[in-house]
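# Commentary on secondary and tertiary structure
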Amino acid sequence: MLFIALAAALALAPVPAAAQENKEALTLDEVVSLAVRNSPAVLAAEQDINIARQRVREARFLAFPQFTLSGTMSQVDLEYPVVLGPEMGERYLDPSIRDAFYTLRAQALQPLYTGGKNTNMLKLAKASHTQAQVNYEAVKADAALAAKKAFYSLLYQRRLKEACAKWLSLATALNTSMRKDAFEELEASMLLSGLSDKLEQAESGMDAAGTELLKALNREPGYHAEVEGVFEPRPVDEDVTRSLVTAMEARPELKSELFKAQIDDISVNLAMVRRYPTIYLGASYDMNAYRISDMTDNSVRANNWLASVAIRFPLSYDVWTQVQQRRAQQRQGELKRVELQDEVRFEIISAHKESAFWQAEAGRLAAETARAEADYEAALKASRPSMTALRSLCTLCDFEKKSIDAVYNQLLARARLEWARGQDFADQDPGPRSNGGVN
């Protein structure tokens, strides 16, 4: 009895002003939107899109001419001709050169034919960019599913706590109105203790659900929110065939596999491109002088210019081995796509069946609970309070808990079905009727 009094006093205690000012009521759609917006995984996937977009631009640059502007200063004392390395401009130095030598060079290189390499690199970058967008949608779907589970879990624990508190209050009142012997007093105490344990478990579950909601929303532990929603079954009106069609069109993982198929096909083409020659057009202009001031005097400095076309025929032993490897990877991707399609089908069929079962079960248990409560009220009015009435009341508590569990399982099954089909159902979440708080 002391525990019940303390629980009632804590429930009626005023909420601190700081906590009241930090409250925020969130609907299901708002919870999902906030969770997706704050998810680190979603933000990271968004940066993957930005990276892929820049790689598309880089792939376009491959077809543009490449310009180089360089300058060198060489202090030499040569007895034999030398050629500078690539980093120093690849210049030939004759022993007749005096001990100081300055050069400025402007160079341009334009690929004329690369066997399709540049084109395929651009296609590969575009496919990777589209795949990054699809991966972003998949991460968003995962974050939305986690938010829905946390939202429904909090409503479930709130509803369970209300039910357990109601039955504990009724049982306590019934217990005080009964005349009992020693054994009946012991049994009544055990029954009330069982109801108290259920209430404590519901309160603990509510705290855990609140923590999961904060985790889904990516908020700090001091954040306080209240969720608003209807804790009742949300029927699935579409049949399984339509959900399967929707999944094949909207499921991000399936879309990703389609773009992986394009990437595999491009990889095969890139491996075959190694058999083809590459042709480049190059041009360069050099200004050479023994003093920096002579660079502006056309009569003193030496000017060189050239234009050339280069063709390169690859002679490699591993061309066909690379092609065979890419084709094998392409086949692996096809097998994986078939496997993923089967998994999606089974996920949708299973979620449909589970949602329909728990929807029917929730309706049946709700009707049985209501009928049992009516019969209990009628029987209690027709007879005096007794241990049988107290035991029946505890059984009614179990009945209602099963009904609440069925509603919770149906909501979770619907959320999993929406995730499996890659698209939420068109119906909107009804207005608030049951609230759950998170501290």
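Now for a description of the structure that goes with this document.

Next up on the list: the overall build of the protein. Within the protein, the regular secondary structure consists of ten helices and nine strands. Here the C-alpha atoms of the protein give a radius of gyration of 37 Å, more than 25% beyond the 22 Å that 2.2 N^0.38 yields for 439 residues. Expressed as lengths along the three principal axes of its C-alpha atoms, the size of the protein is roughly 125 × 50 × 35 Å. Expressed as a percentage of its 439 residues, the buried residues of the protein come to 38%. In the protein, the share of contacts with a sequence separation of at least 24, taken over all contacts with a separation of at least 6, comes to 85%. Carbon and sulfur atoms make up 56% of the accessible area of the protein, which amounts to about 25500 Å² in all.

A few words now on the pattern of salt bridges. Taken as a whole and judged by the stated rule, the model has 20 salt bridges. As a salt-bridge pair, glutamate 253 and arginine 251 come within 2.8 Å of each other at their nearest N and O atoms. Glutamate 347 is the partner of arginine 251 in a salt bridge, and the nearest nitrogen-oxygen pair spans 3.1 Å. With arginine 251 in the loop between α7 (240–250) and α8 (252–273) and glutamate 347 in helix α9 (residues 319–382), the pair connects residues that are 96 residues apart, well separated along the chain.

A word on a negative patch on the surface. A cluster of like negative charges, contributed by Asp197, Glu200, Glu203 and Asp207, occupies part of the molecular surface. For aspartate 207, the position within the fold is in helix α6 (residues 182–217). Overall, the relative accessible area of 56% leaves aspartate 207 in the exposed class.

Moving on, we come to the packing of aromatic side chains. Aromatic rings in a pair are described by how distant their centres are and how their planes are angled relative to each other. Across all of its chains, the model carries five aromatic pairs by this definition. Ring centres of phenylalanine 61 and phenylalanine 64 lie 5.9 Å apart, and the angle between their planes is 45 degrees; on these two criteria the pair is classed as tilted. Each ring, one from phenylalanine 357 and one from tryptophan 358, has its centre 5.0 Å from the other, and the planes form 70 degrees; the classification is edge-to-face. A relative accessible area of 23% places tryptophan 358 in the partly exposed class.

We now examine the pairing of strand β5 (residues 100–113). Two elements, strand β2 (residues 66–75) and β5, share ten bridges in a ladder whose sense is antiparallel. Paired with glutamine 75 across the two strands is alanine 100, which belongs to β5. Taken together, the eleven bridges between β5 and strand β7 (residues 278–289) define a ladder with antiparallel strand orientation. Bridging across to β7, alanine 106 finds its partner in tyrosine 285.

Moving on, we get to the sheet that holds β7. Strand order in the open sheet made by the four strands is β2-β5-β7-β8, with antiparallel pairing throughout. On the outer flanks of this sheet lie β2 and β8 (302–312), each paired with one strand and no other. Recorded for the sheet is a direction-independent mean angle of 20 degrees between the axes of neighbouring strands. In this structure, β7 lies alongside β8, joined through eleven bridges in antiparallel fashion. Note that in β8 the partner of threonine 278 across the bridge is arginine 312.

Let's shift gears to the packing of α8 against α9. Relative orientation of the contacting elements α8 and α9 amounts to 170 degrees, with a least axis distance of 9 Å. The orientation of α8 relative to α9 falls into the category roughly antiparallel. For the contact of α8 with α9, a count of residues per class yields ten nonpolar, six polar and nine charged.

Right, let's get into the packing of helix α5 (residues 117–176) against α8. For the pair α5 and α8, interaxial distance at closest approach is 9 Å and the crossing angle is 165 degrees. Here α5 lies roughly antiparallel to α8, going by the angle between them. Between α5 and α8 lies a crossing whose hand is left-handed. For the contact of α5 with α8, the class distribution of residues is eleven nonpolar, eight polar and six charged.

Rules behind the numbers
- By convention here, each chain's residues receive numbers from 1 onward along its written sequence.
- Reporting in this predicted model follows two pLDDT cut-offs: at least 70 for local features of residues, and 80 or more for side-chain atom pairs to be given and counted; totals over whole chains, interfaces and linings ignore these cut-offs and use all residues.
- Remark: hydrogens and water are excluded; side-chain values derive from all non-hydrogen atoms of the structure.
- Secondary structure counts use DSSP, requiring at least four H or I residues in a row for a helix and at least two E residues in a row for a strand, with both numbered from the N terminus.
- Two things to know: the radius of gyration comes from C-alpha atoms, and the globule rule equals 2.2 Å times the number of residues to the power 0.38.
- Buried residues are those whose accessible area, probed at 1.4 Å on protein chains only, stays under 20% of the maximum for their type, while exposed residues exceed 50% and partly exposed ones sit between those limits.
- We call two residues in contact when some of their heavy atoms are within 4.5 Å.
- Computed with a 1.4 Å probe, the accessible areas rest on the Shrake-Rupley method; for each residue, only the protein chains presented here act as cover.
- Salt bridges are identified by distance alone: a Lys or Arg side-chain nitrogen within 4 Å of an Asp or Glu carboxyl oxygen.
- The residues that make up patches have over 30% relative accessible area and no salt bridge, and they are joined within 9 Å when like-charged or within 5 Å when they are Val, Leu, Ile, Met, Phe, Trp or Tyr.
- We treat Lys and Arg as the positive residues and Asp and Glu as the negative residues; His and chain ends play no part in the count.
- Here the site of a charge means atom NZ of a Lys, CZ of an Arg, CG of an Asp or CD of a Glu.
- Here a pair means two rings of Phe, Tyr or Trp (six-membered ring of Trp) with centres within 6.5 Å. Their orientation is stacked below 30 degrees between planes, edge-to-face above 60, and tilted elsewhere.
- For two strands to be treated as a pair, DSSP must find at least two bridges joining them.
- Note on method: axes are straight lines fitted to C-alpha atoms, helices fitted across the in-contact stretch only, with angles between N-to-C directions ranging 0 to 180 degrees.
- An angle below 35 degrees is read as roughly parallel, one above 145 as roughly antiparallel, one from 65 to 115 as roughly perpendicular, and any other as oblique.
- Here the nonpolar group is Ala, Val, Leu, Ile, Met, Phe, Trp, Tyr, Cys and Pro; Asp, Glu, Lys and Arg are the charged ones; every other residue, Gly included, is treated as polar.
- Definitions for this section: a left-handed crossing has its near helix turned counterclockwise from the far helix by less than a right angle. A right-handed crossing has that turn clockwise.

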